[in-house]
Amino acid sequence: MLDYLRETIGLSAVETAWKDEAAMPRFLRSKRKYSVLTIDKTSLLLICVKEEEFNLQTYLKQMEKLKAYWPGEMVLHFDRLSNYQRKALVKQRLSFIISNSQAYIPQLGILLQEQQAPAASAPKKHLAAGAQLVFLYMLYHAERFPMTKTELARCTASNAMKITRAIQELKQLELVHCHQAGRADYVSPVCTGEAFWEKGKDYLINPVRKKVYVRNDHTLTELPVSGETALAEVSMLAKPVVSVYAIDQASYKAATQLIQIDPAWEMANDFIQLEVWAYDPYLFAQNGRVDPVSLYASLKDVADERVEEAIDEMMEGYRW
């Protein structure tokens, strides 16, 4: 960071220890590292923090308490920030430095920026979304089978090619039977109810492609609730502060009225969380909630004992 400042600004930049850090209460020191950054002849309190542990509202409240220990200017130091997070800081005129990328210190007339490469996405595993969609339809509507592939495509709002790929995948996992009668190809699950669920649950993928926070548009509350909001309705889990809803990818892209925000960098609380799903959550929604199997798949990898217990409670109580 110091070399970046020296080479880019052309002024001397020196970082030294801050002797008063130990005198502050624990809540001001938690998950932060303090030092003194001197640029030319101006000293600033440098506050190193990870962006995922930073909350804008909390920091603004704590600034007044920090001034009791450091009455001068302060500058935040991050390794990485999104464009949204940068704009939130600039809007509040909060000085910050991003390692080897950007320096915004309005008190010194400094505004320097370079482009950052986007983070790489993680690979996907297990069932494809189309195969999971067919698995769920068979699970919840077993009484309708055997069914032709054409009928199945119509009932799941899919096309023939997607259904063929899904059936092939499920057949490889020994989850479906296929047979031909005349010119029609029929398909049916190898078993039904809880037995079918037990046979296929280990192959399920998380249907949530991404999670976003958006301004609370009241039309969105017509969507099925999902995540911990839905789980709280069918278990003893406490309802989360921010309500969670599910929407399919196509509807999300078409919803031009959405205003995406980052709650940790906002001053207001008028927002909800949207889970963008790989398939339409409306297809199997029950009582205004996403279906229990998809809900299970979306939360099964959450490392939280409360959620794990609530998931077990939900699935044990479900009537197949």
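Scroll up a little and you will see the structure.
Not measured: the values here are computed from a predicted model.

Draft legend 1. Here's a closer look at the environment of Val49. As for its position among the elements, Val49 is in the loop between strand 3 (42-48) and helix 3 (56-66). When its relative accessible area of 9% is taken as the criterion, Val49 is described as buried. Excluding its chain neighbours within four sequence positions, the residues that come into contact with Val49 are Lys31, Arg32, Phe54, Leu76, His77 and Phe78.

Draft legend 2. The arrangement of the side chain of Ser95 in detail. Mapped onto the secondary structure, Ser95 falls in the loop between helix 4 (83-91) and strand 5 (96-98). Excluding its chain neighbours within four sequence positions, the residues that come into contact with Ser95 are Met74, Val75, Leu76, Tyr104, Ile105, Pro106 and Gln107.

Draft legend 3. Just the pattern of salt bridges, in detail. Applying the stated rule across the entire model yields 9 salt bridges. Notably, a salt bridge pairs Glu143 with Arg144, separated by 3.8 Å at the nearest N-O pair. Taking relative accessible area as the criterion, Glu143 reaches 60% and is therefore assigned exposed. Across the pair Glu266 and Arg215 runs a salt bridge whose closest N-O atoms are separated by 2.8 Å. Of this pair, Glu266 sits in the loop between strand 13 (260-261) and strand 14 (271-277) while Arg215 sits in strand 11 (residues 208-215), placing them 51 residues apart in sequence. Classification of Glu266 by relative accessible area gives buried; the value is 14%. Classification of Arg215 as partly exposed rests on a relative accessible area of 25%.

Draft legend 4. Representation of helix 3 within the structure. Along helix 3, the residues that are buried comprise Leu56, Gln57, Tyr59, Gln62, Met63 and Leu66. Structurally, the start of helix 3 carries an N-cap: the backbone nitrogen of Gln57 is 3.1 Å from a side-chain oxygen of Asn55.

Draft legend 5. Up close: the sheet that holds strand 10 (residues 184-189). Strand order in this open sheet of 3 strands is 8-10-9, and the pairing throughout is antiparallel. The sheet is open, and its two edges are formed by strand 8 (147-148) and strand 9 (176-181), each paired on a single side. The sheet contact formed by strand 8 and strand 10 spans 2 bridges and is antiparallel. Counted as the bridge partner of Met147 is Val187 from strand 10. Sheet strands touched by helix 7 (residues 160-172): strand 9 and strand 10. Its angle to strand 9, the strand with the most contacts, is close to 125°.

Draft legend 6. A look at the sheet that holds strand 13. Spatially, the 4 strands line up as an open sheet ordered 12-14-11-13, and their pairing is mixed. Each of the sheet's edge strands pairs with one partner strand only, and the pair in question is strand 12 (244-248) and strand 13. Where strand 11 lies against strand 13, 2 bridges are found, and the strand directions are antiparallel. Pairing of Tyr213 across the sheet is with Ile261, part of strand 13.

Rules of the game
- The residue numbering used here restarts from 1 in each chain and proceeds along that chain's sequence as written.
- Thresholds applied to this predicted model are a pLDDT of at least 70 for local features of residues and 80 or more for the giving and counting of side-chain atom pairs; totals over whole chains, interfaces and linings are not thresholded and use all residues.
- Here the side-chain values reflect all heavy atoms present in the structure, with hydrogen atoms and water set aside.
- For the purposes of this entry, the term helix denotes a DSSP run of H or I that reaches at least four residues, the term strand denotes a run of E that reaches at least two, and both are numbered from the N terminus.
- Summary of the burial criterion: residues with accessible area below 20% of their type's maximum are buried, those above 50% are exposed, and those between are partly exposed, where the area comes from a 1.4 Å probe applied to protein chains only.
- Note on contacts: a residue pair is in contact if any heavy atoms of the two residues lie within 4.5 Å.
- When a carboxyl oxygen of Asp or Glu is within 4 Å of a side-chain nitrogen of Lys or Arg, the pair counts as a salt bridge.
- Definition of a polar contact: a pair of N or O atoms within 3.5 Å, with one able to donate and the other able to accept a hydrogen when the atoms are protein atoms, and with sequence-neighbouring residues admitted only if both atoms are side-chain atoms.
- Two strands qualify as a pair provided DSSP detects at least 2 bridges between them.
- Throughout, an axis means a line fitted to C-alpha atoms (over the contacting stretch in the case of helices), and angles, computed between N-to-C directions, take values from 0 to 180 degrees.

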